[in-house]
Amino acid sequence: MFNRRQGPNQAETGQVAIDMPRTFTLSEAETLLPVLESLLRSAMQAKALIEEVDAELESLKSRIFLNGGTFVDIVTLKGRKDEREKAIQRAKDAVAEIDAAGVQVKDLDIGLLDFPCVVGEEIILLCWKLGEQGIAHWHSTSEGFAGRKPIDDRIIRGQKKTN
């Protein structure tokens, strides 16, 4: 769905390309939120299913161990393992699509995304958490979620993208 812009390859130019992260203005990042939210929810639901099946398998292992064996419905067990494998692929696909857009998935448990943004000479991260109406916070690349600050005028004015 999303593709990074690509230029001539190394064989054509004889130069080595440096992979710079895609950057977003606040407006560009907010425009992507509906699609990204859907992908993020899909990844989060898949992760929840994986954890549910893992808990069921651990419980079964424990019962087998404590009882010195037990009867297992292998058809049901296989079905749950297949569901888990499909969920793993759904989660990987959703996260890969978000990543291909140039957006960073920071936390699947709370639904946290970061959008690289150029402000002046600095790259900052516009920070959005699932459930928030729009992007209202940012932090430096070294601070993380705990260092979130409200969006300020220099970000709202929007810098011209360099890539």
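Residues numbered from 1 in each chain as written. Predicted model: local features only at pLDDT ≥ 70, side-chain atom pairs only at ≥ 80, totals over all residues. Heavy atoms only, no water.

1. Observations regarding the packing of aromatic side chains
Using the criterion set out here, one finds one aromatic pair in the structure. Here the aromatic rings of Phe24 and Phe115 are separated by 5.5 Å at their centres, their planes lie at 90°, and the arrangement is edge-to-face. Separated by 91 residues along the polypeptide, Phe24 in the loop between helix H1 (10–13) and helix H2 (26–67) and Phe115 in strand E2 (residues 112–119) bring together distant segments of the chain. Owing to a relative accessible area of 1%, Phe24 belongs among the buried residues under this scheme. (Phe/Tyr/Trp six-rings, centres within 6.5 Å; stacked < 30°, edge-to-face > 60°. Helix = DSSP H or I, 4+ residues; strand = E, 2+ residues; numbered from the N terminus. Buried < 20%, exposed > 50% of the residue type's maximum accessible area, 1.4 Å probe, protein only.)

2. Here we look at the packing of H2 against helix H3 (residues 74–100)
H3 packs onto H2 with a crossing angle of 150° between their chain directions and a minimal axis gap of 8 Å. With respect to their mutual orientation, H2 and H3 come out roughly antiparallel. Here the hand of the crossing between H2 and H3 comes out left-handed. Its residues assigned to classes, the contact of H2 with H3 shows 17 nonpolar, one polar and nine charged. (Axes fitted to C-alpha atoms, helices over the stretch in contact; angles between N-to-C directions. Parallel < 35°, antiparallel > 145°, perpendicular 65-115°, else oblique. Left-handed = near helix turned anticlockwise from the far one by under 90°. Nonpolar A, V, L, I, M, F, W, Y, C, P; charged D, E, K, R; others polar.)

3. What about the sheet that holds E2?
Judged by pairing direction, the sheet is antiparallel, and its five strands sit side by side in the order E1-E2-E3-E4-E5 without closing on themselves. Strands at the two margins of the open sheet, each flanked by one partner only, are strand E1 (104–107) and strand E5 (149–150). Looking at chain direction, E1 and E2 are connected through three bridges and run antiparallel. In the strand pairing of E2, Asp107 is matched with Leu112. Those strands touched by H2 are E2 and strand E3 (122–129), and its axis lies near 165° from that of E2. (Pairing = 2+ DSSP bridges. Contact = heavy atoms within 4.5 Å.)

4. Here's the deal with a nonpolar patch on the surface
A surface patch of nonpolar side chains, about 360 Å² in accessible area, is lined by Ile64, Val72, Ile74 and Val75. For Val72, the position within the fold is in the loop between H2 and H3. Judged by relative accessible area, Val72 falls into the partly exposed class, the value being 32%. (Patch = residues over 30% accessible without salt bridge, like charges linked within 9 Å, V, L, I, M, F, W, Y side chains within 5 Å. Areas by Shrake-Rupley, 256 points an atom, 1.4 Å probe, with all protein chains shown as cover. Salt bridge = Lys/Arg side-chain N within 4 Å of Asp/Glu carboxyl O.)

5. As for H2
With 42 residues, H2 extends 58 Å between its outermost C-alpha atoms, agreeing within 8% with the 62 Å of an ideal straight helix rising 1.5 Å per residue. Along H2, the largest kink reaches about 50° and is centred on Leu33; proline Pro34 follows within four residues of it. (Expected span 1.5 Å × (residues − 1). Bend = angle between axes of the 7 residues up to and from the residue.)

6. Quick word on the nonpolar core
Residues Phe115, Leu126 and Ile135 are the most contacted members of the largest nonpolar core, which totals 26 residues. Put simply, the parts of the chain that give this core at least two residues each are H2, H3, E2 and E3. Ranked by residue count, the leading element in this core is H2, at nine residues. With residues up to four places along the chain from it excluded, the contact list for Ile135 reads Leu26, Ala29, Glu30, Leu33, Phe115, Leu126, Cys127, Trp128 and Ile151. (Core = buried A, V, L, I, M, F, W, Y, C linked by side-chain atoms within 4.5 Å.)

7. Remarks on the environment of Arg148
Position of Arg148 relative to the elements: it lies in the loop between strand E4 (137–140) and E5. The sequence separation of Arg148 and Ala136 amounts to 12 residues, and the corresponding C-alpha distance is 9.3 Å. Not counting chain neighbours up to four residues away, the residues in contact with Arg148 comprise Cys127, Lys129, Glu132, His137, Trp138 and His139.

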